[in-house]
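Coordinate inspection notes
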Amino acid sequence: MAFSEEDFQVMDSIIKRYPRSRSAIMPLLHYVQSKAGYITNEGIEVIAKVLQLEAAEVTAVSTFYTQYKPTPVGEYHVGVCTNTLCAVMGGDAIFNSLKDHLGIGNDEVTVDGKVSLEHIECNAACDYAPVVMANWEFYDNQTVQSAKDLVDAMRAGNPPAPTRGPNTLGTWKEASAVLAGINDGKANEGLQAGTPTLLGLKLSKEGK
Ligand code: FES
């Protein structure tokens, strides 16, 4: 895809948020991802150009973080936490059942392009284990059945709201735009920290 004049204006506004232009490399990678759905070679070249870096430097950053995808993912990218706590609470079973249910493996996309699957590390949401993320939004306390229902709803174009955070689930490209720093107006929607997360604070205030 070609980057438009408007794209360059947006990238320029992102760069201007930082005292040193190269500090904008990560949001610019998210911006590229919001346009193409993944990190294209053209996107790497454009970022290198606007930041006056070598393409190899941009590539080094994009390949270090698993959040930047070298190939297209689904409209809804589903991450199943299979780190220790989630795994023993059902994360392994959820991941294996979703692979069978969707007919895809790790880092693969359904034929309709709707859902991709990835096993992910701890999301610091262990108090809601087992946790599934979709486009980096939380679906807490999942079961094999609820996770299957979730991906079925995504494929039908009608995903439910995340357990916490925004009231509606955006697409992968929309989520990437937010991570680039483009405000979608949803930051204050929905439940933020839930009861399990606040329990320790509550107990300490009660002196227990
Ligand atoms: S182990 Fe899954 S969120 Fe921490």
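Everything in this summary refers to the structure shown in the same document. (Residues numbered from 1 in each chain as written. Predicted model: local features only at pLDDT ≥ 70, side-chain atom pairs only at ≥ 80, totals over all residues. Heavy atoms only, no water.)

Thoughts on the pairing of strand β1 (residues 76-81)
Stated formally: The rule is simple: take the accessible area with a 1.4 Å probe, protein chains only, and divide by the maximum for that residue type; under 20% is buried, over 50% is exposed, in between is partly exposed. By the criteria applied, helices consist of DSSP H or I runs no shorter than four residues and strands consist of E runs no shorter than two, each listed in order from the N terminus. Being paired, for any two strands, means DSSP has found at least two bridges between them.
Within β1, six of the six residues are buried, leaving the element largely enclosed by the surrounding structure. Burial of the side chains of β1 extends over both faces: Y76, V78 and V80 are buried on one face and H77, G79 and C81 on the other. One ladder, built from six bridges, connects β1 with strand β3 (residues 115-120); its direction is parallel. Residue pairing across strands places H77 opposite S116, the latter belonging to β3. Pairing between β1 and strand β4 (residues 132-134): three bridges, direction antiparallel. The partner of V80 across the bridge, within β4, is V132.

A closer look at a nonpolar patch on the surface
Just so we agree on the cut-off: The patches reported here contain residues having more than 30% relative accessible area and no salt bridge. Joining distances are 9 Å for like charges and 5 Å for nonpolar side chains (Val, Leu, Ile, Met, Phe, Trp, Tyr). What sets the accessible areas is the Shrake-Rupley method with a 1.4 Å probe; for residues, cover comes only from the shown protein chains. Within this document, salt bridges are pairs made up of a side-chain nitrogen of Lys or Arg and a carboxyl oxygen of Asp or Glu, the two lying within 4 Å of each other.
A cluster of nonpolar side chains, M26, F64 and Y65, forms an exposed patch at the surface whose accessible area comes to about 300 Å². For F64, the position within the fold is in helix α4 (residues 55-64). Residue F64 is classed as exposed on the basis of its relative accessible area, which comes to 63%.

Observations concerning the nonpolar core
Rules: For this analysis, a nonpolar core means a set of buried residues of the types Ala, Val, Leu, Ile, Met, Phe, Trp, Tyr and Cys, connected via side-chain atoms within 4.5 Å.
By size, the foremost hydrophobic cluster in this structure holds 20 residues, and its most contacted members are I25, L28, L29, I47, L51 and V58. Mapped onto this core, the elements with two or more residues apiece are α1 (5-15), α2 (25-36) and α3 (41-51). If you look at the next biggest cluster of nonpolar residues, it comprises 18 residues, including Y76, V80, F95 and L98.

Observations regarding the environment of F3
Within the element layout of this structure, F3 appears in the segment before α1. F3 sits 34 residues away from G37 along the chain, and the two C-alpha atoms are 13 Å apart.

Looking at the environment of F95
What counts here: Residues are treated as being in contact if the distance between any of their heavy atoms lies within 4.5 Å.
Along the polypeptide, F95 turns up in helix α5 (residues 84-102). Take F95: its relative accessible area is 6%, and that puts it in the buried class. For the pair F95 and Q192, spaced 97 residues apart in sequence, the C-alpha separation works out to 26 Å. Those residues in contact with F95 that sit more than four places away from it in its chain are V80, T82, N106, L117, E118 and H119.

Topic: the pairing of β3
Where burial is concerned, most of β3 is hidden: five out of the six residues are buried. Pairing analysis gives two bridges linking strand β2 (residues 108-109) to β3, with the strands arranged antiparallel. Residue pairing across strands places E108 opposite L117, the latter belonging to β3. Hairpin geometry of β2 and β3 is characterised by an intervening segment of five residues between the two adjacent antiparallel strands and by a positive phi of about 75° at G113.

Shape descriptors only; they carry no functional weight alone.
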